[in-house]
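For reference, the chains in residue letters:
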Amino acid sequence: MKRKLAAAIGVAAMMASVAACGGSDGGGDAAKDPKDRKGDLTVWLMVDAQSTWPELVKDVNAQFNKKYPGVKVDVQYQQWADKTKKLDTALGGDKFPDVVELGNTETMTYILNGALNEIDPKKYDNSDTWIQGLKDTCTYEGKQFCVPYYAGARVAIYNADMLKKGGAETLPTTEAEFLKVMDKVSAEYGKKDKRFSSLYLPGRYWYAAMSYVAAYGGKIAEYDEGAKEWKSSLSSPEAQQGIQHFIDLVKKYNKADQTKDEQDHANVMANEKAAVLYGNGWEAGSVTDGKGNGNAKLTGKIFTAGMPGPNGKALPSFIGGSDLGVISKSKSTDLAEEWIAMYTSEKSQEVLASKNILPNNTKQLEPLKAKPETAPIANAVPDAWFTPIAPGWTSIEKEEVLENMLLQILKGTSVADATKAADAKVNELINKES
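The protein chain goes by Sugar transporter in an unreviewed UniProt entry, where it is assigned to Streptomyces solincola.

Okay, here's the thing in structure tokens:
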């Protein structure tokens, strides 16, 4: 499959000339001496770095400036809500970052439209042990286009006081025992509040639904080597079994609006309307964040654990996290690569690990598997799943297809009919040339 230009983000103007003037002037990639390099290096990081590990950014910039005193590093912090819109606009003009942080579900779009430079993994620490799920989000046609930054995974988030009402001190490790506890919690709290959900699973929560698909050995889509194309496999027996299992849990335990997605589920727990969520590990903090929409009174009562899944195993988690890419139009791609190498070095990853942020490699992840605060999420990462690494998967419609499929089933459409219809739509989108 040849590398394509994706029209999804409307940056045709950006790609009109990769050699056009960029947003930096580093004095050329072949400057004689590091101390002779001049200009600016613009780095876009998400606001998480500014709020949680600002000392790492400061230390790396100092390290970089010691080697390149004539290059000014301009770190600009971005918000998740509007980052891609701002980046698309910037890439269509002549003022754009040299280094950009991308969520791992965003990378394929920018790889396919040619916005990211190919990188050499050998230039980066621990690249031989990069977490496979993150590495995959940076890989296309056997080439690497970004550097894994940090990892994340979804886990069970629970209210310990509520669990005790169900007779459990901690979250059970098997689904059979877990659901027995949920039944008891439902009976206890449901007496006073008919909308209380012991296990709050929103009906349109496709990440959770696909985790159950993965638990039964199913996949969203698979690559057909013979046909040389991707084929949706939502109607496979395994996928249907996982989807049905998810729907059964939603119908039994979610007593609120079952047609919602997961965007506000931490707020539901903060309002003490749920005992257990399935979410990103960091969302446990959102539940108790009194400065946001959380409930500070729940501090010390909210914990995380591996989510028990069917067949006596943990529920496979969707791999989360961020990657760092070098913008291909940059005039200072070598400097951008070096800054990323410093920022993702083993020493830098140690700083993230000290803050209970999962590093980009299995070597440094290992100690976090035994640390109580990080064990649930760290143990969920190695076997985590990811969406298809396919060109058409970058289109936004694919989420709508999965959400609509789940809604139709909740409204009474059979799993067989809903998944068959979803297969047809996914097949239309996933191999779409642009």
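Over its 17 residues, helix H9 (residues 237-253) runs 24 Å from end to end, which matches the ideal 24 Å to within 8%, given 1.5 Å per residue. When we look at burial in H9, the residues that qualify are Ala-239, Gly-242, Ile-243, His-245, Phe-246, Ile-247, Leu-249, Val-250 and Tyr-253. On its buried face, H9 sits against helix H7 (175-190), strand E7 (197-199), helix H8 (206-215), helix H16 (397-410) and helix H17 (415-430).

Before going further, it helps to spend a moment on the state of the cysteines. As enumerated under the stated definition, the model contains one disulfide in all. Between the sulfur atoms of Cys-138 and its disulfide partner Cys-146 the distance amounts to 2.0 Å. Between Cys-138 and Cys-146, the S-S torsion sits near -110 degrees, and that sign places the bridge as left-handed. On the accessibility criterion, Cys-146 (0% relative accessible area) is buried.

Before going further, it helps to examine the nonpolar core. Counting 56 residues, the largest nonpolar core has Leu-201, Met-210, Phe-246, Val-276 and Met-405 as its most contacted members. Among the elements of the structure, strand E6 (147-159), helix H6 (160-165), H7, H8, H9, strand E10 (274-280), H16 and H17 are those that each provide at least two residues to this core. In this structure, Leu-56, Tyr-124, Tyr-150 and Val-326 belong to the second largest nonpolar core, which totals 31 residues.

Right, let's talk about the environment of Leu-368 for a bit. Assignment of secondary structure puts Leu-368 in the loop between helix H14 (362-365) and helix H15 (375-380). In sequence terms Leu-368 and Asp-125 are 243 residues apart; their C-alpha atoms lie 19 Å from each other. In contact with Leu-368, other than residues within four places in its own chain, are Ala-353, Ile-357, Leu-358, Pro-359, Thr-374, Ala-375 and Ala-378.

Quick look at the packing of helix H2 (residues 54-67) against helix H13 (residues 346-354) now. A pair of packed helices can be characterised by two numbers: the angle between their axes and the separation between those axes. Contact geometry of H2 with H13 gives a least axis separation of 10 Å together with a crossing angle of 165 degrees. Taken together, the axes of H2 and H13 are roughly antiparallel relative to one another. You can see that H2 and H13 cross each other, and the crossing is right-handed. Residues Glu-55, Leu-56, Asp-59 and Val-60 of H2 form the contact with H13, whose own contacting residues are Lys-347, Ser-348, Val-351 and Leu-352. Its residues assigned to classes, the contact of H2 with H13 comprises four nonpolar, one polar and three charged.

This brings us to the packing of aromatic side chains. Going through the model one piece at a time under the given rule, you end up with 16 aromatic pairs. Relative to Tyr-150, the ring of Tyr-149 has its centre 4.8 Å away and its plane inclined at 70 degrees; by these criteria the two rings are edge-to-face. Each ring, one from Phe-318 and one from Trp-385, has its centre 5.0 Å from the other, and the planes form 70 degrees; the classification is edge-to-face. Here Trp-385 lies in the loop between H15 and H16 and Phe-318 lies in the loop between strand E11 (302-305) and strand E12 (319-326), a separation of 67 residues in the sequence. Taken as a pair, Phe-318 and Trp-385 share a single burial class, namely buried. One residue, Lys-86, lies across the ring of Trp-44, its end atom 5.7 Å from the ring centre. The ring of Tyr-207 carries the charged tip of Arg-154 above its face, separated from the ring centre by 4.2 Å.

All right, on to the packing of H9 against H16 then. Relative to each other, H9 and H16 sit at 60 degrees, their axes nearing to 11 Å. Judged on the interaxial angle alone, H16 and H9 are oblique. The two elements H9 and H16 cross, and the hand of that crossing is right-handed. Seen from H9, the contacting residues are Ile-243, Phe-246, Ile-247, Val-250 and Lys-251; seen from H16, they are Met-405, Leu-406, Ile-409 and Leu-410. Considered class by class, the residues forming the contact of H9 with H16 number eight nonpolar, no polar and one charged.

In terms of burial, E10 is a largely internal element, seven of the seven residues being buried. Inspection of the sheet shows E6 paired to E10 by five bridges, in the antiparallel sense. Bridging from a neighbouring strand, Arg-154 pairs with Asn-280 of E10. Pairing of E7 with E10, which is carried by two bridges, proceeds in the parallel orientation. Bridge pairing in E10 places Ser-197 opposite Ala-274.

Conventions adopted
Residues numbered from 1 in each chain as written. Predicted model: local features only at pLDDT ≥ 70, side-chain atom pairs only at ≥ 80, totals over all residues. Heavy atoms only, no water. Helix = DSSP H or I, 4+ residues; strand = E, 2+ residues; numbered from the N terminus. Expected span 1.5 Å × (residues − 1). Buried < 20%, exposed > 50% of the residue type's maximum accessible area, 1.4 Å probe, protein only. Contact = heavy atoms within 4.5 Å. Disulfide = S-S within 2.5 Å. Core = buried A, V, L, I, M, F, W, Y, C linked by side-chain atoms within 4.5 Å. Axes fitted to C-alpha atoms, helices over the stretch in contact; angles between N-to-C directions. Parallel < 35°, antiparallel > 145°, perpendicular 65-115°, else oblique. Left-handed = near helix turned anticlockwise from the far one by under 90°. Nonpolar A, V, L, I, M, F, W, Y, C, P; charged D, E, K, R; others polar. Phe/Tyr/Trp six-rings, centres within 6.5 Å; stacked < 30°, edge-to-face > 60°. Lys NZ or Arg CZ within 6 Å of the ring centre and 35° of its normal. Pairing = 2+ DSSP bridges.

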